[in-house]
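One letter stands for each residue in the lines below.
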Amino acid sequence: MKKILLFWVMMFPFYVVSGQSSAVAEKVSETVYKIEVNRSVNVVAVIDGDGVLLYDTGYKGSGEAIEAAVKTFTQLPVKAVYNTHHHSDHTGSNAYFAERGVKIYATQKTIDKLQAADKMELWSLGENMNEWSDAHSGSDVTLYMNDEKVAVVGDMLFEERFPYIDTDAGGDVTVYLETQGEIISSLPADVKIIGGHGRVYTLEEYEALNSLLWETYDKVKELVMADESLEAIKKADPLVDYAHLEWGLVNKDKWVEIIYSSLR
Ligand SMILES: [Zn+2]
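Quick summary incoming for the structure in this document. (Residues numbered from 1 in each chain as written. Predicted model: local features only at pLDDT ≥ 70, side-chain atom pairs only at ≥ 80, totals over all residues. Heavy atoms only, no water.)

By the criterion of burial, strand 11 (residues 150–158) is predominantly enclosed, with nine of the nine residues buried. Pairing between strand 10 (residues 139–145) and strand 11: three bridges, direction antiparallel. In the sheet register, Tyr144 faces strand 11, and the bridge partner there is Ala151. Here strand 10 folds back onto strand 11 in antiparallel fashion, the turn holding four residues, of which Lys149 has a positive phi close to 55°. With helix 6 (residues 173–186) bridging strand 11 and the parallel strand 12 (residues 192–197), this β-α-β connection has right-handed handedness. (Buried < 20%, exposed > 50% of the residue type's maximum accessible area, 1.4 Å probe, protein only. Helix = DSSP H or I, 4+ residues; strand = E, 2+ residues; numbered from the N terminus. Pairing = 2+ DSSP bridges. Right-handed = clockwise from strand over helix to strand, strands pointing away.)

Here it is as structure tokens:
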């Protein structure tokens, strides 16, 4: 048992469990850490002078675990939170930080969506971030930190799976894949890329994922252009070779639907 515990501590030096939530901090550069919450969603912490900037806040109830994970690498306080988009797995603990006097920043579209659900005070983002409309959630921000060679791209990157596209909120897969291409071409070759879910990517890996997703897109597009119905396309199973990209929210059929609705 002792051996196993020691192995665990050596493998996961920053592993923190708080209540129902867990948070693991991983150093990405001198001042940037990726904190994986509940083994599912990423928060990015940046040490900035006298405090820590957080990009996203994980699930509701994960605030304490995130703060504890930050304390494993710095004693500086969290001084600001930025939301990459409005989804609840990225903004769930906004209230936890707001209650502790931390200002939460987001795009106006994200603020409108969050405030429709909860009347908390939110602040508009500065100009140093890129806002992408109509790609993943209707309004997503990405950021490149030149000094650290680290990019924070939120859900514009899901590790090795079909991305979830929030079509109800204005997301569109064609725009999503084009936007990924734009982000890729704006970044230097030696960048480290932190997405909303999964491990840190190199530019090469991000490019490869984008190409793979375009491949799936083209396979479905071919059938849409041949005037096949959605049901017929699903039945033809054009993505049979891409089953490894399936996960709980987006299986092959759902991905076909997302592409179909963008093209029709
Ligand atoms: Zn999302």
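The axes of two packed helices give the description: the angle between them and the distance between them. For the pair helix 6 and helix 7 (residues 203–225), the least separation of the axes is 10 Å and the interaxial angle reads 155°. One element, helix 6, and the other, helix 7, form an angle in the roughly antiparallel class. Viewed along their axes, helix 6 and helix 7 form a crossing whose handedness is left-handed. Across the interface between the two elements, Val173, Thr174, Leu177, Glu178, Gln180, Gly181, Ile183 and Ile184 of helix 6 pack against Leu203, Tyr206, Glu207, Asn210, Leu213, Trp214 and Tyr217 of helix 7. Its residues placed into classes, the contact of helix 6 with helix 7 shows nine nonpolar, four polar and two charged. (Axes fitted to C-alpha atoms, helices over the stretch in contact; angles between N-to-C directions. Parallel < 35°, antiparallel > 145°, perpendicular 65-115°, else oblique. Left-handed = near helix turned anticlockwise from the far one by under 90°. Contact = heavy atoms within 4.5 Å. Nonpolar A, V, L, I, M, F, W, Y, C, P; charged D, E, K, R; others polar.)

Now for empty space enclosed by the protein. If a probe as big as a water molecule is rolled over the atoms, it shows which places are left empty. A complete count under the given rule lists two cavities of 30 Å³ or more for this structure. As a volume, the largest cavity reaches approximately 40 Å³. Contributing to the lining of the largest cavity are Asn42, Val44, Tyr55, Asp56, Thr84, Val152, Gly154, Ile194, Gly195 and Gly196. Looking at the lining of the largest cavity, the elements that each hand over two or more residues are strand 4 (41–48), strand 11 and strand 12. Among the elements that take part in the lining of the largest cavity, strand 12 stands out by supplying three residues, more than any other. For the lining of the largest cavity, the per-class residue count stands at four nonpolar, five polar and one charged. Two domains each provide a minimum of three residues to the lining of the largest cavity, namely domain 1 (13–126) and domain 2 (138–264). Its volume calculated, the second largest cavity comes out at about 30 Å³. Along the walls of the second largest cavity sit Tyr55, Thr84, Met129, Val141, Thr142, Leu143 and Val152, which together make up its complete lining. (1 Å grid on protein atoms, 1.4 Å probe; cavity = no way out; pocket = protein on both sides within 12 Å on 5 of 7 lines; lining within 4 Å. Points joined across faces, edges and corners; volume = space filled by probe spheres on them. Domains from an automatic or database assignment.)

Contact geometry for helix 7 and helix 9 (residues 252–263): axes closest at 10 Å, N-to-C directions at 65°. For the element pair helix 7 and helix 9, the recorded crossing hand is right-handed. Touching Leu213, Thr216, Tyr217, Val220, Lys221 and Val224 of helix 7 are Trp255, Val256, Ile259, Tyr260 and Leu263, all from helix 9.

Scanning the model with the defined rule gives eleven salt bridges in all. Ionic pairing is found between Arg264 and Asp227, a salt bridge with its closest N-O pair at 3.0 Å. Of the two residues, Arg264 sits in the segment after helix 9 while Asp227 sits in the loop between helix 7 and helix 8 (230–236), which places them 37 residues apart along the sequence. Comparing Arg264 with Asp227 shows no difference in burial state: the two are exposed. The residue Glu257 makes a salt bridge to Lys234 at a minimum N-O spacing of 2.7 Å. Pair noted here: Glu257 is in helix 9 and Lys234 is in helix 8, with a separation of 23 residues, a long-range link. In this structure Lys234 comes out as buried when scored by relative accessible area, which is 18%. The structure contains a network of salt bridges with shared partners spanning Asp48, Asp50 and Lys79. (Salt bridge = Lys/Arg side-chain N within 4 Å of Asp/Glu carboxyl O.)

Take the environment of Trp247 next. Tracing the backbone shows Trp247 in the loop between helix 8 and helix 9. Between the C-alpha atoms of Trp247 and Ser186, which are 61 residues apart in sequence, the distance is 29 Å. In contact with Trp247, other than residues within four places in its own chain, are Phe158, Arg161, Phe162 and Tyr164.

Size it by volume and the largest pocket reaches roughly 260 Å³. For the lining of the largest pocket, the secondary structure elements donating two or more residues are helix 3 (88–91), helix 4 (94–98) and helix 5 (108–117). For the lining of the largest pocket, the per-class residue count stands at five nonpolar, nine polar and three charged. Taken as a whole, the second largest pocket encloses approximately 200 Å³ of empty space. As for the second largest pocket, its lining consists of 13 residues, of which Val46, Asp48, Leu53, Tyr55 and Met145 are closest to the centre. Sorting the residues of the lining of the second largest pocket by element identifies strand 4, strand 5 (51–55) and strand 10 as the ones contributing at least two each. Sort the elements by how many residues they give to the lining of the second largest pocket and strand 4 lands first, with three residues. Each of domain 1 (13–126) and domain 2 (138–264) accounts for three or more of the residues forming the lining of the second largest pocket.

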